[in-house]
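# Breakdown of the fold
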Amino acid sequence: MLTIIPQFIIGATDLTAAFLFMYGLKRMSSPVTAPSGIMVAGVGMLVAVLASFLYAFDIGASAKPHLLVNLGLAIIALVIGGGVAWWSGKKVAMTSMPQMVAIYNGMGGGAAGAIAAVELFGNKADGVTQLAVTLIGALIGAVSLSGSLIAWAKLDGVIKKPLRIRGQQAFNGLVAIVTLGVGGYIVFVTRSGATPLIPMPDLIYLFFGCALAFGVLMTLPIGGADMPVVISIYNAFTGLAVGLEGFVLQNPALMIAGMVVGAAGMLLTLLMAKAMNRSVNNILFTNFGVATKHKQGDIKGSLKPVEAGDAGIFMRYASSVIIVPGYGLAVAQGQQKLYEFVKLLQAAGVSVKFAVHPVAGRMPGQMDVLLAEAGVPYDLIFQLEDINDDFANTDVALVIGANDVVNPAARTDKASPIFGMPILNADKAKKVYVVKRGQGKGYAGIVNALFYGDNCNMVYGDAAAVLTKMIEAVRALGTKAAA
Amino acid sequence: MQFSIAISGFVALYIFMLAAFAGWVIIGHVPAILHTPLMSGSNFVHGIVVVGGIFALLNASTILEQGIGFFAVLLGAGNAAGGFAVTHRMLAMFQPSEHKPAHAKHGHHKASHSGKA
């Protein structure tokens, strides 16, 4: 009798949470309603976590003597885990966002794996289906944990180069087979009651060890440029693992939330891969950069450097400017300066728009966040398909810290590794200024024909410093006019 | 009255199928501008795993289970709290132009930004 009321409350809050998660995600699909969307989902999380303490009324007999200790441990874990993550989430720089998402995602995968481990060590799963689902969830969660940590290390620069060895794929395949084999053996031993070759706990350790190793091995050979897609895949993996463990624990809120994220993450991954003109298979199992040693197409023309101030004044007297920001802008921390410059242009009557490539930044959509952080209103920010036709009617395209996403080779040069990738048609503008640190190549290591075009001038220097000079030049005009 | 939940076989598959479909449809309508907050937002949503962690920990009866259960709650709480913090921070930054309807596209901004903006 005592358990009915807590059961009802848990059931009702989990139902509410599942609804709030989906409604919240739905609201996140437009910039207008998005901030309220995350609040809605947050409320769902809060009530679900609070209600979960009511499980204390309905626990197994063997756990009863430990209840007080376990309750204390749960509260300590919530406070420490939640507190540290909250604090780090509040202070992390927007440029480091991909790494941070990778870590939080790995934590979720680890939690799903740990839940599976508790079920396995306690021999709590009943039936082949439950046991198999526990193991599959554990495998996916563990791969997501170790893979996300490698992705973090790569994005944070801890691991600088992709690690590739001969026969790597065969070796990875072998590890995968061994993991699945151990998992199958665990099911067999548990169901048949046979004495395992090695003690059960050791089998479980071996299973998790192999799964974690597989996550590391799978992620190591993938290049840094592909990490966002990899994080997105692991995000979907964690969702899937959470959904599967939700089935094992008979908790529909976990099942629904996990599977919604699993499907959403998979779709997001496909969208990102499409924007980069790569297939997910290609990213996971082939090594980017191997094919880049083709001979460059003959590029005519020369690089024509100009002073930052002159470029700034030219834009002041243009009627329309489209800005193509890239990750180089964020590295130079130039977003604030850029928006300051844009406001000067707008004050002078110039129409200014931002054109953001889907993969600008280290993570799709990251450039939009970085611009928003600098105060750029979202209605000035346009996506590739909405603005690409406008370049031909635009006086100036200002490319700052972007390279591969405006490389016309993607349209014409079949031998180029980025051939077929949708690009921003900056080269079609009447005048192009490219702000760049030096004469180096882009992330993909390809020469950019745009820079050699007749309508293009190079402005060399750190993006923030160049923008400061542009601002000064335009301001000086204003004071002269006033005097 | 019975409020305990038993999900097995096809019922589980129905839940998974409908949830997956819902996720697919919801995300399909998100503009590219919101991809990063969305990834982090969906990352936050699977932080619900912390609830499973609490369940596992409260039902733990050995030191090993308690240890792993503690770990599960710790990581799950990190996932949820961190995911919320970064998503909320990012979404709060998206602001429309002043004096301007939010959905006006391809408009010229000269008139509305009279000098200061």
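This structure is a prediction, so every number in the text was calculated from the model and none was measured.

### Some details on the overall build of chain A
The helix and strand inventory of chain A stands at 17 helices and six strands. Within chain A, the fraction of its 483 residues that count as buried is 57%. For chain A, long-range pairs separated by at least 24 residues make up 77% of all intrachain contacts whose partners lie at least 6 apart in sequence. As displayed, chain A offers around 19200 Å² of accessible surface, 66% of which is attributable to carbon and sulfur atoms. Within chain A, the 26 negative side-chain charges are centred at a point lying 5 Å from the centre of the 34 positive side-chain charges.

### As for the packing of aromatic side chains
Under the defined criterion, the tally for this structure stands at nine aromatic pairs over all chains. Seen from their ring centres, Phe121(A) and Tyr205(A) are 5.3 Å apart, and the 55° between their planes marks the pair as tilted. With Phe121(A) in helix α4 (residues 97-121) and Tyr205(A) in helix α7 (residues 200-219), this pair connects stretches of sequence that are 84 residues apart. Look at Tyr205(A) and you get partly exposed, because its relative accessible area is 46%. Among the aromatic residues, ring-to-ring pairing joins Trp86(A), Phe44(B) and Phe84(B) into one connected group.

### Concerning the packing of helix α2 (residues 34-52) of chain A against helix α3 (residues 49-58) of chain B
Packing of α2(A) against α3(B) brings their axes to within 9 Å, and their N-to-C directions diverge by 5°. With respect to α3(B), the element α2(A) is oriented roughly parallel. Facing Ala48(A), Val49(A) and Ser52(A) of α2(A), the residues of α3(B) in contact are Val50(B), Val51(B), Ile54(B) and Leu58(B). Classifying every residue of the contact of α2(A) with α3(B) by side-chain character gives six nonpolar, one polar and no charged.

### Some words on the interface of chain B and chain A
Interface extent is often summarised as the accessible area lost during association of the parts. With 97 residues of chain B at the interface, the matching set in chain A holds 122 residues. Carbon and sulfur atoms supply 76% of the area buried between chain B and chain A, which totals about 9800 Å² over both sides. Seen at the junction of chain B and chain A, the total is zero salt bridges. Applying the counting rule to chain B against chain A returns 16 residue pairs in polar contact (both at pLDDT 80 or more). Of all the secondary structure elements, the ones that give two or more residues to the side of chain B that touches chain A are α1 (9-28), α2 (35-45), α3 and α4 (63-93) of chain B. Top contributing element to the side of chain B that touches chain A by residue count: α4(B), with 28 residues.

### Digging into the confidence of the model for chain A
Low pLDDT marks stretches whose predicted atomic positions should not be read closely. Residue and element names in this part refer to chain A. On average, residues of chain A score 87 in pLDDT, and 94% of them are at 70 or above. Of all secondary-structure elements in chain A, the lowest mean pLDDT belongs to helix α10 (residues 280-285), at 78, while helix α3 (residues 67-91) reaches the highest, 95. Taken together, the stretch residues 288-294 has pLDDT below 50 and engages in ten contacts with residues farther than four places along the chain or on a different chain.

### Concerning the environment of Val306(A)
Residues and elements named next belong to chain A. Assignment of secondary structure puts Val 306 in the loop between α10 and α11 (308-316). Look at Val 306 and you get partly exposed, because its relative accessible area is 27%. Placed 97 residues apart in sequence, Val 306 and Gly 209 show a C-alpha to C-alpha distance of 57 Å. Those residues in contact with Val 306 that lie beyond four places of it in its chain are Ala 311, Tyr 433, Asn 457, Met 458 and Val 459.

### Observations concerning the side chain of Ser42(B)
As for its placement among the helices and strands, Ser42(B) is situated in helix α2. According to the relative accessible area criterion, Ser42(B) is buried, its value standing at 2%. Apart from residues no more than four positions distant in its own chain, Ser42(B) is found in contact with Leu25(A), Asn235(A) and Val261(A).

### A word on the side chain of Asp395(A)
Residue and element names in this part refer to chain A. Note on placement: Asp 395 falls in the loop between α15 (384-387) and β4 (396-400). Side-chain polar atoms of Asp 395 contact the backbone nitrogen of Ser 319, separated by 2.7 Å. For Asp 395, the residues in contact, after removing those within four places along its chain, are Ala 318, Ser 319, Ser 320, Lys 430 and Lys 431.

### Points about the pattern of salt bridges
Residues and elements named next belong to chain A. Going through the model one piece at a time under the given rule, you end up with six salt bridges over all chains. Between Lys 337 and Glu 340 there is a salt bridge; the shortest N-O distance is 3.7 Å. Residue Lys 337 and its partner Glu 340 are located together in helix α13 (residues 335-347), separated by three residues, close to a single helical turn. By relative accessible area, Glu 340 is classed as partly exposed at 25%.

### Section: the nonpolar core
All names here are of chain A. Counting residues in each nonpolar core, the largest one holds 195 residues, and the members touching the most others are Met 315 and Met 470. Counting residues per element, this core draws most heavily on α4, which supplies 15 residues. With near-sequence residues (within four places) excluded, Met 315 lies in contact with Val 321, Phe 341, Leu 345, Val 350, Val 396, Leu 398, Tyr 433 and Met 470.

### Some points on the sheet that holds β4(A)
All names here are of chain A. Reading across from one edge, β3-β2-β1-β4-β5-β6 is the order of the six strands in this open sheet, with parallel pairing throughout. Looking at the sheet topology across the chains shown, the edges are occupied by β3 (381-383) and β6 (456-460). Direction aside, the axes of adjacent strands within the sheet are offset by 25° on average. Where strand β5 (residues 431-436) lies against β6, five bridges are found, and the strand directions are parallel. Bridge pairing in β6 places Tyr 433 opposite Asn 457. Contacts from α13 reach β1 (320-325), β2 (351-356) and β4, with the element oriented near 145° to β2. Packing against the sheet, helix α14 (residues 366-373) makes contact with β1, β2 and β3, and its axis sits at approximately 145° to β2.

Conventions used here
Residues numbered from 1 in each chain as written. Chains lettered and ligands numbered in written order. Predicted model: local features only at pLDDT ≥ 70, side-chain atom pairs only at ≥ 80, totals over all residues. Heavy atoms only, no water. Helix = DSSP H or I, 4+ residues; strand = E, 2+ residues; numbered from the N terminus. Buried < 20%, exposed > 50% of the residue type's maximum accessible area, 1.4 Å probe, protein only. Contact = heavy atoms within 4.5 Å. Areas by Shrake-Rupley, 256 points an atom, 1.4 Å probe, with all protein chains shown as cover. Lys, Arg positive; Asp, Glu negative; His and termini not counted. Charge placed at Lys NZ, Arg CZ, Asp CG, Glu CD. Phe/Tyr/Trp six-rings, centres within 6.5 Å; stacked < 30°, edge-to-face > 60°. Axes fitted to C-alpha atoms, helices over the stretch in contact; angles between N-to-C directions. Parallel < 35°, antiparallel > 145°, perpendicular 65-115°, else oblique. Nonpolar A, V, L, I, M, F, W, Y, C, P; charged D, E, K, R; others polar. Buried area = accessible area lost by both parts, 1.4 Å probe. Salt bridge = Lys/Arg side-chain N within 4 Å of Asp/Glu carboxyl O. Polar contact = N/O pair within 3.5 Å; in protein donor to acceptor, adjacent residues only side chain to side chain. pLDDT = per-residue confidence, 0-100. Core = buried A, V, L, I, M, F, W, Y, C linked by side-chain atoms within 4.5 Å. Pairing = 2+ DSSP bridges.

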